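Chain residues, written in single-letter form:
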Amino acid sequence: MSSALDEEDARALAGREVALIDLLDRLLQGGVVLAGDLVLSIADVDLVRIDLRAVIAPVDAEHPAPLLP
């Protein structure tokens, strides 16, 4: 039954424009985990490798920022 609701939500959102700030607000309400790898190479020789791992979470009264006094 939830898949039917998901399909209805997807159809409803397909024709709707969403502002970037609204999308970011919705993502950051629950937190976001970013992960990515980038490798720059020439002639099959890896020159630069960048690994990105980041957790972005909201800060509120219940979960304060860890670095603030």
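Here's a quick rundown of the structure. The structure displayed is predicted, hence computed values, not measured ones.

A short note on the pairing of strand S1 (residues 32–42)
Pairing of S1 with strand S2 (residues 45–56), which is carried by 11 bridges, proceeds in the antiparallel orientation. Of the residues in S2, the one forming a bridge with serine 41 is aspartate 46. Between the end of S1 and the start of S2, which pair antiparallel, lie two residues, with alanine 43 showing a positive phi angle near 55°.

Examining the pattern of salt bridges
Oppositely charged side chains can form a pair if their charged atoms are brought close together. All told, the structure shown has two salt bridges when counted by the stated rule. Across the pair aspartate 37 and arginine 53 runs a salt bridge whose closest N-O atoms are separated by 3.3 Å. Of this pair, aspartate 37 sits in strand S1 while arginine 53 sits in strand S2; the two residues are 16 residues apart in sequence, bridging distant segments of the chain. Per residue, the accessibility class of aspartate 37 equals that of arginine 53, and both read exposed. Notably, a salt bridge pairs aspartate 51 with arginine 49, separated by 3.4 Å at the nearest N-O pair. For aspartate 51, a relative accessible area of 44% corresponds to the partly exposed category. Residue classification places arginine 49 among the exposed positions, given a relative accessible area of 56%.

Concerning the environment of leucine 34
Summarising the element assignment, leucine 34 is placed in strand S1. Residue leucine 34 is classed as partly exposed on the basis of its relative accessible area of 37%. Through-space distance from the C-alpha of leucine 34 to that of arginine 53 is 5.8 Å; in sequence the pair is 19 residues apart. Sequence-distant contacts of leucine 34, defined by excluding residues within four places in its chain, comprise Leu52, Arg53, Ala54 and Ile56.

Analysis parameters
Residues numbered from 1 in each chain as written. Predicted model: local features only at pLDDT ≥ 70, side-chain atom pairs only at ≥ 80, totals over all residues. Heavy atoms only, no water. Pairing = 2+ DSSP bridges. Helix = DSSP H or I, 4+ residues; strand = E, 2+ residues; numbered from the N terminus. Salt bridge = Lys/Arg side-chain N within 4 Å of Asp/Glu carboxyl O. Buried < 20%, exposed > 50% of the residue type's maximum accessible area, 1.4 Å probe, protein only. Contact = heavy atoms within 4.5 Å.

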